[in-house]
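Single-letter residue listing:
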Amino acid sequence: MKMFRNFSLFLLSFLFLADPSIAADSPPAQAPAANDNAAIKARFNEALKHLDSGGDFVLVSDFSGSLEKIFMEITDTIELIAELDAPGADDVRSIMAKANAFLGKSGFYSARNLGISSIPSGKDKYTFKMYLQRDASAADMPLWRALCGKPDKKITCVDYLPPDTVLAIAESGEPGQTWKMIQTGIKEIAKPATAAEFESGVISVGKKIGMDIETLANSLGDEWFISLQLSTSNTVHLGEQASIPEPSLLIGIALKDKSLPSLIEKQLATNRIPFTASKIGETSLTAIMLPIPLPVPITPSYTVHSGMLLFGSNPRVVAKAVDCATKKNGLVSIPEFKASAVSQPASYSGLTYVNRRLWDAVMELQTSSIYASANDLGNTAERQKKFKALYDRN
C-alpha cells in the first residue's frame, strides 16, 4: 500500500530512448552480435545509467531477438492447432507471414531491452522511470517515429501546463507516421477485399468530416498532452455533501499547419454552433456555447498558440495555458516539479505527472459517499472519521 500511496501523491515519470551503441564506456571496435553476452552486458549497463538505483524497485529485461521468436512460436502454435487442410488454413499462414514481415520493417523487432525504476524523491513524492533501448539504425523506422518522433526529441508542450495541474500525460510521436503504419499494415496483411473495404471506409469518413484523413494526420505535429486541473480557489458541489476543487480539462497537440483549426471552424459554421471570439494578447480564443447542464461549468474553448492547438473545458484554462507558456510560470515553475526534474535526462519523449491533490479529491468524494449510502445516518460522522483515518494511515 505504501508504494501505491507514493504513486498517487506525486509522480513524475519519463520515457526516453537510447541506442545500444551509446552504452559502453570503452566500446569495442566491432560491435558484438545482438545476443552476445558482451552486448547484453553493455545494454544492461547503459540502462542502469538512465535509471535510479537505491529505491524500491529496479528492473532491466533484455529481450533482443525474443520478440521475433515469440511471434514465430505463436505462428507455429497456430499451425499445430489448425488442420493443415482445413478451409482457410493457407490464409491464416499467409497473414501470419505477412504480419511478421510488416513488424520487422516497421521496427518492432529492433527493441533490445527495457528498464524500469522507482524511487522516493522526497516527502510524499515518487519518481518512476522507464527506459527503452532500440537499435540506432531503427531511429527513423515507422514504429519509432510514430511512438517517439525524431531522435533526441525533447517535448516542450509541458510549458503549457498550469500550476494547478494534478494529472498530466505528455508524449512525443508523429500521428502521420501512425496513420501510415495503419494504412500499410492493412494493405500488406489483410485480404484484398478487406483492404478495399477499409480504404472505402476511410474515404467515406473523410467526406463526412470534410477533410482527407491522411491530410489531417500529416498536419499534426510530433507532441501532445492531456491534463486535468483542480482549482486552488473555486469549488463545485456534487450533491448535498460532496464538494471538490473545480476541475478543468486541457488538451494540447502540436500542428504543422492550419488544417485542423480550419476543419473545426468549418464544422462550427456548417452545424451553426454558436460561439464567441476573444483575444489573449495577439492570440484569438474561441469559446463554443453549448448549454450543457452539469455541476461543473463547461464551455469548450480552443486557440492556437505558437503552433500548439489548445483545447480546454473552459476559456479560463486555455488562457492560463497561453500565459504559462509565454511567461514560463506554469507547472514547470513550481518547486515540486523543478526539484524532481533536475535529475531527469535533458532529452525525453514522454512524461507523466500526478499530484497528491488529485488523490485527496478522490478520497473526499469517497468519504462523502458514505453519508449517501449509510443506513444509520446517526453514525455517519463516525464512519467518515474511520475512513479518513484509514486513508491517512495508508
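The structure this text deals with has already been given above.
Residues numbered from 1 in each chain as written. Predicted model: local features only at pLDDT ≥ 70, side-chain atom pairs only at ≥ 80, totals over all residues. Heavy atoms only, no water.

A.B. asks: Please explain the overall build of the protein chain as it appears in this structure.
C.D. replies: Helix and strand counts for the protein chain stand at 13 helices and 12 strands. A buried classification covers 41% of the 394 residues belonging to the protein chain. When the accessible surface of the protein chain is totalled, it reaches about 21200 Å², and 59% of it is carbon and sulfur. (Helix = DSSP H or I, 4+ residues; strand = E, 2+ residues; numbered from the N terminus. Buried < 20%, exposed > 50% of the residue type's maximum accessible area, 1.4 Å probe, protein only. Areas by Shrake-Rupley, 256 points an atom, 1.4 Å probe, with all protein chains shown as cover.)

A.B. asks: How do you make sense of the side chain of E46 when you look at a structure like this?
C.D. replies: In this fold, E46 is placed in helix 2 (residues 37-49). A polar side-chain atom of E46 sits 2.8 Å from a polar atom in the side chain of H50. (Polar contact = N/O pair within 3.5 Å; in protein donor to acceptor, adjacent residues only side chain to side chain.)

A.B. asks: Explain the environment of E214 to me, please; I cannot follow it from the model alone.
C.D. replies: The residue E214 is located in helix 8 (residues 213-218) in this model. Between the alpha carbons of E214 and I203 there is a distance of 9.9 Å; along the sequence they are 11 residues apart.

A.B. asks: How should the pattern of salt bridges be read in this particular structure?
C.D. replies: Opposite charge on two side chains allows them to pair when their charged atoms are near. Tallied over the entire structure, the rule returns 10 salt bridges. We note a salt bridge from E246 to R316, for which the minimum N-O separation is 2.5 Å. With E246 in strand 7 (residues 242-255) and R316 in helix 10 (residues 315-327), this pair connects stretches of sequence that are 70 residues apart. For E246, a relative accessible area of 10% corresponds to the buried category. The salt bridge involving R356 is made with D360; its shortest N-O contact spans 3.3 Å. (Salt bridge = Lys/Arg side-chain N within 4 Å of Asp/Glu carboxyl O.)

A.B. asks: How should I be thinking about the packing of helix 6 (residues 175-189) against helix 7 (residues 192-209) in this particular structure?
C.D. replies: Relative placement of two packed helices is described by the angle separating their axes and the distance separating the axes. Running from N to C, helix 6 and helix 7 cross one another at 145 degrees; their axes reach a closest spacing of 8 Å. On helix 7, the residues touching W179, I182, Q183, I186 and K187 of helix 6 are A195, F198, E199 and V202. By residue class, the composition of the contact of helix 6 with helix 7 is six nonpolar, one polar and two charged. (Axes fitted to C-alpha atoms, helices over the stretch in contact; angles between N-to-C directions. Contact = heavy atoms within 4.5 Å. Nonpolar A, V, L, I, M, F, W, Y, C, P; charged D, E, K, R; others polar.)

A.B. asks: What's the story with helix 2 in this structure? I'm lost.
C.D. replies: Residues spaced three or four apart along an α-helix face the same direction, because each turn holds 3.6 residues. The end-to-end C-alpha distance of helix 2, which contains 13 residues, comes to 19 Å, matching closely the 18 Å that a straight helix rising 1.5 Å per residue would cover. Those residues of helix 2 that fall on the buried side of the exposure criterion are A39, R43, E46 and A47. Buried positions in helix 2, seen along its axis, are confined to an arc of 100 degrees and lie on one side of it. Pointing more than 90 degrees away from the buried face of helix 2 are the exposed residues N37 and K41. Measuring from the backbone nitrogen of A38 back to the side-chain oxygen at the start of helix 2 gives 2.7 Å, which picks out D36 as the cap. (Expected span 1.5 Å × (residues − 1). Arc of directions from axis to C-beta.)

From the geometry alone we can't say anything about function, so treat these as descriptive.
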